[in-house]
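Architecture at a glance
Spelled out, the chains give:
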Amino acid sequence: MNVLVVNAGSSSLKYQLMDTVTREVFAKGNCERIGLDRGIFGHAVAGEEKVTEDALFPDHRTAIRAVLDHLAGLDIAFDGIGHRIVQGGWYFEDSALVTDEVYAKILEVAPLAPLHNYGEAAIIEYCRERYPELPNVAVFDTSFHMTMPEVASTYALPKDVVDKYHVRKYGAHGTSHRYEWMRAKELLGESCHRLLSCHLGNGASLCAIEDGTCRDTTMGLTPLDGLMMGTRCGSIDPATVCYLQREGGYTYDEVDEMMNKRSGMLAVSGISSDARDIRDGASRGDERCLLAFDMFAYKAMTQAAAMIASMAGVDTITFTAGIGENDWSIRKAFCECFEWLGVRIDNDRNRSAERGDRVISAAGSSVTVMVIPTDEEYMIASDVERLAV
Ligand code: AMP
């Protein structure tokens, strides 16, 4: 089946048109700077150079219209559209074929992720209007985590508040963690039961997966919680928010912007949110960059210990996303913290320039450690194939 996968962020949109059986990608591209003054439209067809054009995208609807106009010109047909949706709220334990009811629920839960869900809903609305005969499937970043036990998902806040505002741990990166489980199981078979999935990119989260079910994850009500990230602070004492508002005179919006956009690796290193820049700084002996790396690894290690405890053990660890797939030194620092658990990394395998799925643990390691490049687009496309009627 040929599926168009649409993955929209708050100000960007990526698309891929792929065959779910062969996994061949026929065309892909991205719209950048949605909602800003000067937009950029990048697109490529298989085997050809990427073309980048100036564009103007006042909103997500304009961006998806540009993508669909472009694809219509290429004359490659598709049989369904898959949409990554950041927040499925309390409704969706699985991806869903979009009906009027599903669409209304995506909007109903949007206050939990206002920068994402409204734009993603606008894209769905446009696709349904333009191609009413095609199935649209919504694939939620949160649904994989909905089976998390209550003991892990519940926040210790007054029950009336929790119920009224649907406050709980929802997690994120669920499609990526689901892919990590699926692929680890395919490759390791019976020996894979308790997987610690480490999605380490600009956004970063860990997930404890036992026999395919999420036991716990580090992101919370929103993707701000958990690990220290490129620009997000991750877990801090929640009273910090009240303190800054009370004593620092910061408004709600200022604290929100500070913790999401000006914190994390960017704030600690003082130079960049990008791990490669910080790596360069650290190799020059810059102390703030060294601290940023040490903190990233330390927080990942301590939170991983909590994830492992939630499964009462671990037999497999996978690394994915920009840092997880590419930065051997973070993987090494992380795995060395678990030597007490019998984790042994093979330094040559870990440092090898090999790409794709690979084992990096040493023979005799109590835990199989792998790098599995995530493929959220493939997961979304296969959900379209599974659910489209
Ligand atoms: P993502 O959000 O998955 O695109 O990951 C982005 C993060 O991955 C950034 O911090 C990048 O610096 C980091 N990254 C990407 N490529 C590399 C690389 N080759 N080595 C180290 N870090 C990388």
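Scope of this entry: the structure provided in the associated data block. (Residues numbered from 1 in each chain as written. Predicted model: local features only at pLDDT ≥ 70, side-chain atom pairs only at ≥ 80, totals over all residues. Heavy atoms only, no water.)

1. Re the site of the ligand
Close to the ligand lie G201, N202, D274, A275, R276, A321, G322, I323, N326 and D327. N202 is positioned with one of its backbone polar atoms (N or O) 2.9 Å from an oxygen atom of the ligand. In the environment of the ligand, an oxygen atom lies 2.9 Å from a nitrogen or oxygen atom belonging to the backbone of G322. Computed on the free molecule, the ligand has an accessible area of 500 Å², of which 68% lies beneath the protein chains in the complex. In terms of residues, the shell around the ligand owes the most to one element, helix α12 (residues 321–326), which gives four residues. Residue composition of the shell around the ligand, grouped by class: three nonpolar, four polar and three charged. (Near = heavy atom within 4 Å. Polar contact = N/O pair within 3.5 Å; in protein donor to acceptor, adjacent residues only side chain to side chain. Areas by Shrake-Rupley, 256 points an atom, 1.4 Å probe, with all protein chains shown as cover. Helix = DSSP H or I, 4+ residues; strand = E, 2+ residues; numbered from the N terminus. Nonpolar A, V, L, I, M, F, W, Y, C, P; charged D, E, K, R; others polar.)

2. Focus on the nonpolar core
A general feature of soluble globular proteins is that nonpolar side chains tend to end up buried together. Judged by nonpolar contacts, the single largest core of 40 residues is most densely connected at L196, L200, I317, F319 and F334. Listed by contribution, the elements that provide at least two residues to this core are β9 (194–200), β10 (204–210), α9 (264–269), α10 (275–283), α11 (287–310), β12 (316–320), α13 (328–336) and β14 (368–371). Among the elements that take part in this core, α11 stands out by supplying nine residues, more than any other. Setting aside its immediate chain neighbours within four residues, F334 contacts L196, C198, A300, M301, A304, I317 and F319. One finds Y15, I123, Y131 and L134 within the second-largest nonpolar core, a separate group that totals 24 residues. (Core = buried A, V, L, I, M, F, W, Y, C linked by side-chain atoms within 4.5 Å. Buried < 20%, exposed > 50% of the residue type's maximum accessible area, 1.4 Å probe, protein only. Contact = heavy atoms within 4.5 Å.)

3. Concerning the pattern of salt bridges
According to the stated counting rule, one finds 23 salt bridges in the structure shown. Residues K159 and D163 are paired through a salt bridge, measuring 2.7 Å at the closest nitrogen-oxygen approach. Here K159 and its partner D163 are both found in helix α5 (residues 159–165), four residues apart, which amounts to about one turn of the helix. What makes K159 exposed here is its relative accessible area of 59%. One salt-bridge network, held together by shared partners, links D94, R178, D383 and R386. (Salt bridge = Lys/Arg side-chain N within 4 Å of Asp/Glu carboxyl O.)

4. Some words on the sheet that holds strand β3 (residues 25–32)
Strand order in the open sheet formed by eight strands is β5-β4-β3-β2-β1-β6-β8-β7, with mixed pairing between adjacent strands. The sheet is open, and its two edges are formed by β5 (51–55) and β7 (96–97), each paired on a single side. Looking at chain direction, strand β2 (residues 12–19) and β3 are connected through seven bridges and run antiparallel. When the bridges of β3 are listed, Q16 appears paired with K28. (Pairing = 2+ DSSP bridges.)

5. Points about the pairing of strand β4 (residues 39–45)
Within β4, five of the seven residues are buried, leaving the element largely enclosed by the surrounding structure. Pairing geometry for β3 and β4, over six bridges, is antiparallel. Looking at β4, one finds that N30 is bridged to G42. The sheet contact formed by β4 and β5 spans five bridges and is antiparallel. Following the sheet pairing, G39 is matched in β5 by A55. Between β4 and β5, which pair antiparallel one after the other, the connecting turn spans five residues, and G47 there sits at a positive phi close to 80 degrees.

6. Considerations on helix α1 (residues 60–74)
Under the 1.5 Å per step criterion, the end-to-end length of α1 is 21 Å for 15 residues, consistent within 8% with the ideal 21 Å. For α1, every residue scored as buried is listed here: H60, T62, A63, I64, V67, L68, H70 and L71. Where the residues of α1 are buried, they touch β1 (2–8), β2, β3, β4 and α3 (114–130). Residue D75 follows α1 closely and has a positive phi angle near 65 degrees. (Expected span 1.5 Å × (residues − 1).)

7. Here we look at the sheet that holds β12
Spatially, β11-β10-β9-β12-β14-β13 is the arrangement adopted by the six strands of the open sheet, whose pairing is mixed. The open sheet terminates on both sides in strands that have one partner only, identified here as β11 (213–217) and β13 (358–359). As paired elements, β12 and β14 share four bridges and run parallel to each other. Note on β14: the bridge partner recorded for T316 is T368.

8. Side note on the packing of α10 against α11
Two elements in contact, α10 and α11, have axes separated by 7 Å at closest approach and are oriented at 125 degrees. By the angle between their directions, the pair α10 and α11 is classed as oblique. Note that α10 runs across α11; the crossing there is left-handed. Contacts from A275, I278, R279, G281 and A282 in α10 reach C289, L290, A292 and F293 in α11. For the contact of α10 with α11, the per-class residue count stands at seven nonpolar, one polar and one charged. (Axes fitted to C-alpha atoms, helices over the stretch in contact; angles between N-to-C directions. Parallel < 35°, antiparallel > 145°, perpendicular 65-115°, else oblique. Left-handed = near helix turned anticlockwise from the far one by under 90°.)

9. Notes on the packing of helix α2 (residues 100–108) against α3
Closest axis-to-axis distance for the α2/α3 pair is 9 Å, and the angle between their directions is 160 degrees. By the criterion of interaxial angle, the relationship of α2 to α3 is roughly antiparallel. In the crossing of α2 with α3, the sense of the turn from one axis to the other is left-handed. Residue-level contacts link D100, Y103, I106 and L107 of α2 to N117, Y118, A121, I124, E125 and R128 of α3.

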